[in-house]
Amino acid sequence: MKRTFLLIPLILLVTFQLYSQVTLKQYTLKSNLEYARSQAEAAGYIDPVFVAAFAQNNTIQYQGINFKVTYNLEEGTSDAWIYGFRAKDIPEQLIALLVVETSFGKQAINIPLENITASGYSTFGNLDDYNLDDSDEIASLMQKDQSFNQYYESNKPFDQLTVAIFVSAPSPLFIENEPYWAFIMEKNNNIKTCGIHVVSKEVVCSLTDIKDNSINSNINVYPSPADDYVEITDINSNMNISIYDIYGRAIDNAPYTFNSSGININLQNVSSGIYFLKTNNRNIMFIKK
């Protein structure tokens, strides 16, 4: 069994007991990995297996107080990491823990899995099988890659940045069942993904950036983000229509119908995330909440 994770917007609203005067400390992934594991054990997971971790520029909110979470791309540190574990003998039994560190100590918050939108990793993956470099070492390696640096220098600061480590499920960019660090960068509806193989340290980046080509056209996408349905105008039944996820995988559970103004797509059976409707000459992005 593979759990679908999207590695892009982890749109999170987390509540936990922090005081307004508390500031979050930046730390590397491995700094609190064993602490997170101990908290998984305390939650009843015997010999928890480390399967994934995520960090993202975001805001954590408690009782109206916003705590800004930032991933430092140069240092490889974040104010918060989400650690994913599974029970050793029950791959379907998963737990996700968000860990913060303050002057008052460390805290781990159990995040309901339905609150996380991610994709691309296998629950059968086991990162404990590898001698992992820490996130600061990986950040240093990534900055030496030409493709990454060209995009970074041209687009910083990013509108959104997500960093993750996982064992890959099927993906056009990553080899299945191999361990990777991934960097997903977004700027002005332009998304680029780069990854580093945990063992070989080989860097791979998407050859082309994914863009919303509807920006300068007559196309309207609404509502955005969408719940169960999305309407896209200026699309007609003479066009070849395909729907893909962020990895370029065809989506077959989003039936659509044409109407007088365009196309209506049923998203009731589609997981939250970013998708693309591709026509003969357009690539139109829409978001499912």
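Residues numbered from 1 in each chain as written. Predicted model: local features only at pLDDT ≥ 70, side-chain atom pairs only at ≥ 80, totals over all residues. Heavy atoms only, no water.

**Student:** Mind showing me how you'd approach the state of the cysteines here?
**Tutor:** Chemically, a disulfide is nothing more than a covalent bond linking the sulfur atoms of two cysteines. Applying the stated rule across the entire model yields one disulfide. Each disulfide pairs two cysteine sulfurs, and for C194 the partner residue is C205, the sulfurs being separated by 2.1 Å. Classification of the bridge connecting C194 and C205 rests on its S-S torsion, roughly 110°, and on that basis the disulfide is right-handed. One end of the pair, C194, is in strand β11 (residues 190-197); the other, C205, is in strand β12 (residues 203-205), with eleven residues separating them in the sequence. In this structure, C194 and C205 share a single accessibility class: buried. (Disulfide = S-S within 2.5 Å. Helix = DSSP H or I, 4+ residues; strand = E, 2+ residues; numbered from the N terminus. Buried < 20%, exposed > 50% of the residue type's maximum accessible area, 1.4 Å probe, protein only.)

**Student:** Is there a simple way to think about the packing of aromatic side chains in this case?
**Tutor:** Two aromatic rings are characterised by how far apart their centres lie and by the angle between their planes. For the coordinates displayed, the defined rule picks out ten aromatic pairs. Ring geometry for F148 versus Y152: centroids 5.8 Å apart, planes at 10°, classification stacked. With a gap of four residues between them, F148 and Y152 both fall in helix α3 (residues 146-155), about one helical turn apart. Each member of the pair, F148 as well as Y152, is classed as buried. Aromatic side chains F166 and F174 sit 5.7 Å apart centroid to centroid with 65° between the ring planes, which places their arrangement in the edge-to-face category. The exposure class of F166 is buried, given its relative accessible area of 0%. (Phe/Tyr/Trp six-rings, centres within 6.5 Å; stacked < 30°, edge-to-face > 60°.)

**Student:** So what exactly am I meant to see when it comes to unusual backbone geometry here?
**Tutor:** Among all residues except glycine, the phi angle is most often negative; among peptide bonds, the trans geometry is most common. In this structure, P157 follows K156 across a cis peptide bond, with omega equal to -10°. Note on placement: P157 falls in the loop between α3 and β9 (160-167). A cis geometry characterises the amide bond from Y222 onward to P223, with omega recorded as -10°. Tracing the backbone through its elements, the reader meets P223 in the loop between β14 (221-222) and β15 (229-233). One non-glycine residue with positive phi stands out, namely D47, at about 50°. You can see D47 is positioned in the loop between α1 (33-42) and β1 (49-56). Taking the relative accessible area as the measure of exposure, D47 reaches 45% and is therefore partly exposed. In this structure, K201 is a non-glycine residue whose phi angle is positive, near 65°. In this fold, K201 is placed in the loop between β11 and β12. Classification of K201 as partly exposed rests on a relative accessible area of 29%.

**Student:** Would you explain helix α2 (residues 135-142) in this entry?
**Tutor:** Because each turn of an α-helix spans 3.6 residues, side chains separated by three or four positions end up pointing in the same direction. Buried within α2 we find S135, I138, A139 and M142. Down the axis of α2, the sector holding all buried residues measures 105°, keeping them to one side. Elements that come into contact with the buried residues of α2 comprise β4 (71-72), β6 (80-87), α3, β10 (179-187), β11 and β12. (Arc of directions from axis to C-beta. Contact = heavy atoms within 4.5 Å.)

**Student:** Help me out: how do you make sense of a negative patch on the surface in this one?
**Tutor:** A surface patch of negative charge is lined by E74, E75, D136 and E137. If you trace the backbone, E137 turns up in helix α2. What makes E137 partly exposed here is its relative accessible area of 40%. (Patch = residues over 30% accessible without salt bridge, like charges linked within 9 Å, V, L, I, M, F, W, Y side chains within 5 Å. Areas by Shrake-Rupley, 256 points an atom, 1.4 Å probe, with all protein chains shown as cover. Salt bridge = Lys/Arg side-chain N within 4 Å of Asp/Glu carboxyl O. Lys, Arg positive; Asp, Glu negative; His and termini not counted. Charge placed at Lys NZ, Arg CZ, Asp CG, Glu CD.)

**Student:** Explain α3 to me, please; I cannot follow it from the model alone.
**Tutor:** Within α3, the full set of buried residues consists of F148, Y151, Y152 and N155. The arc that holds the buried residues of α3, viewed along the axis, is 100°, so those residues lie on one side. Exposed positions of α3 whose direction lies more than 90 degrees from the buried face are Q146 and S154. Structurally, α3 contributes buried residues whose contacts are with α2, β10, β11 and β12. Two to three positions downstream of the cap, the backbone nitrogen of S147 sits 3.2 Å from a side-chain oxygen, assigning the N-cap of α3 to D145. (Polar contact = N/O pair within 3.5 Å; in protein donor to acceptor, adjacent residues only side chain to side chain.)

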